[in-house]
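The residues making up each chain are set out below.
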Amino acid sequence: MATNIFVNLPVRDLAASVKFFTHLGYSFNQQYTDDGATCMIVAENIFVMLLVEERFKSFTPKPICDARTSTEVLVCLQVESREQVTSMVNQAIEAGGSAYKEPQDHGFMYGHGYQDLDGHLWEIIYMDTAPPQS
């Protein structure tokens, strides 16, 4: 059984990506950081490896997708409140990212998302997990 998840994403400018995600409140594990990669800590068992494109290419025989024109992955993170969804998307926009769609309200689930500097899509959702009241 897996104990951690490491999402690997290619980036064009590692320093700019670190600055962007630092603005969103993420921290980085310096043990796994050098001039070609960094390990962003999302949660206790969730990590995102931001790899410069040349480093990323060493892990795959396939060409790298340009996330600004194609979607290779949609990273979805659940947060604790609707307000946190809005706050995180607003912070991403302030840091140079952009919203890629309007917020979605499905009653039990509220979500919105942003594109990071490299065009990767990040969906932020809040789900009401309380049992329905009768």
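Residues numbered from 1 in each chain as written. Predicted model: local features only at pLDDT ≥ 70, side-chain atom pairs only at ≥ 80, totals over all residues. Heavy atoms only, no water.

Looking at an unreviewed UniProt entry, one finds the chain named Lactoylglutathione lyase and attributed to Duganella violaceipulchra.

(A) Up close: the overall build of the chain. Scanning the chain from N- to C-terminus turns up three helices and nine strands. Against the globule reference of 14 Å for 134 residues, the chain gives a C-alpha radius of gyration of 16 Å, in line with a compact fold. Dimensions along the principal axes, computed over C-alpha positions, put the chain at roughly 55 × 35 × 30 Å. Across the chain, contacts joining residues at least 24 apart in sequence account for 52% of those joining residues at least 6 apart. Carbon together with sulfur atoms contributes 53% to the accessible area of the chain, which is approximately 8,200 Å² in total. (Helix = DSSP H or I, 4+ residues; strand = E, 2+ residues; numbered from the N terminus. Rg over C-alpha atoms; globule rule 2.2 N^0.38 Å. Contact = heavy atoms within 4.5 Å. Areas by Shrake-Rupley, 256 points an atom, 1.4 Å probe, with all protein chains shown as cover.)

(B) Looking closely at the sheet that holds strand E2 (residues 27–34). Across the sheet, which stays open at both edges, the four strands sit in the order E1-E4-E3-E2 with mixed pairing between neighbours. Every interior strand has two partners, whereas the edge strands, strand E1 (5–11) and E2, have only one. The sheet shows a mean angle of 25° between the axes of neighbouring strands, direction not considered. Summarising the sheet, E2 and strand E3 (residues 37–43) pair through four bridges and their orientation is antiparallel. Within the sheet, the bridge partner assigned to Asp34 lies in E3 and is Ala37. (Pairing = 2+ DSSP bridges. Axes fitted to C-alpha atoms, helices over the stretch in contact; angles between N-to-C directions.)

(C) Quick peek at the nonpolar core. Grouped together as the largest cluster of nonpolar side chains are 24 residues, with contacts concentrated most on Phe21, Leu50, Tyr114 and Trp122. Listed by contribution, the elements that provide at least two residues to this core are E1, helix H1 (14–23), strand E4 (46–52), strand E5 (74–78), helix H3 (82–94), strand E8 (109–115) and strand E9 (121–127). Per element, the largest residue contribution to this core is four residues, and it comes from H3. Formed by six residues, the second largest nonpolar core is a distinct cluster that contains Ala37, Phe47, Leu51 and Phe56. (Core = buried A, V, L, I, M, F, W, Y, C linked by side-chain atoms within 4.5 Å. Buried < 20%, exposed > 50% of the residue type's maximum accessible area, 1.4 Å probe, protein only.)

(D) Spotlight on the packing of aromatic side chains. Going through the model one piece at a time under the given rule, you end up with six aromatic pairs. Measuring from centroid to centroid gives 4.9 Å for Phe20 and Phe21, while their planes differ by 85°, and the two rings are edge-to-face. A residue is classified by how much of its surface remains accessible, and Phe20, at 1% relative accessible area, is buried. Put simply, the rings of Phe20, Phe21, Tyr26, Tyr114 and Trp122 pair up and form one aromatic cluster. (Phe/Tyr/Trp six-rings, centres within 6.5 Å; stacked < 30°, edge-to-face > 60°.)

(E) Here's a closer look at H3. For H3, spanning 13 residues, the distance from its first C-alpha to its last is 19 Å, which sits close to the expected 18 Å at 1.5 Å a residue. Buried within H3 are the following residues: Val85, Met88, Val89 and Ala92. Angularly, the buried residues of H3 cover 95° about the axis, an arc narrow enough to put them on a single face. Of the exposed residues in H3, those oriented more than 90 degrees away from the buried face are Glu83 and Glu94. Contact partners of the buried residues in H3: H1, E8 and E9. (Expected span 1.5 Å × (residues − 1). Arc of directions from axis to C-beta.)

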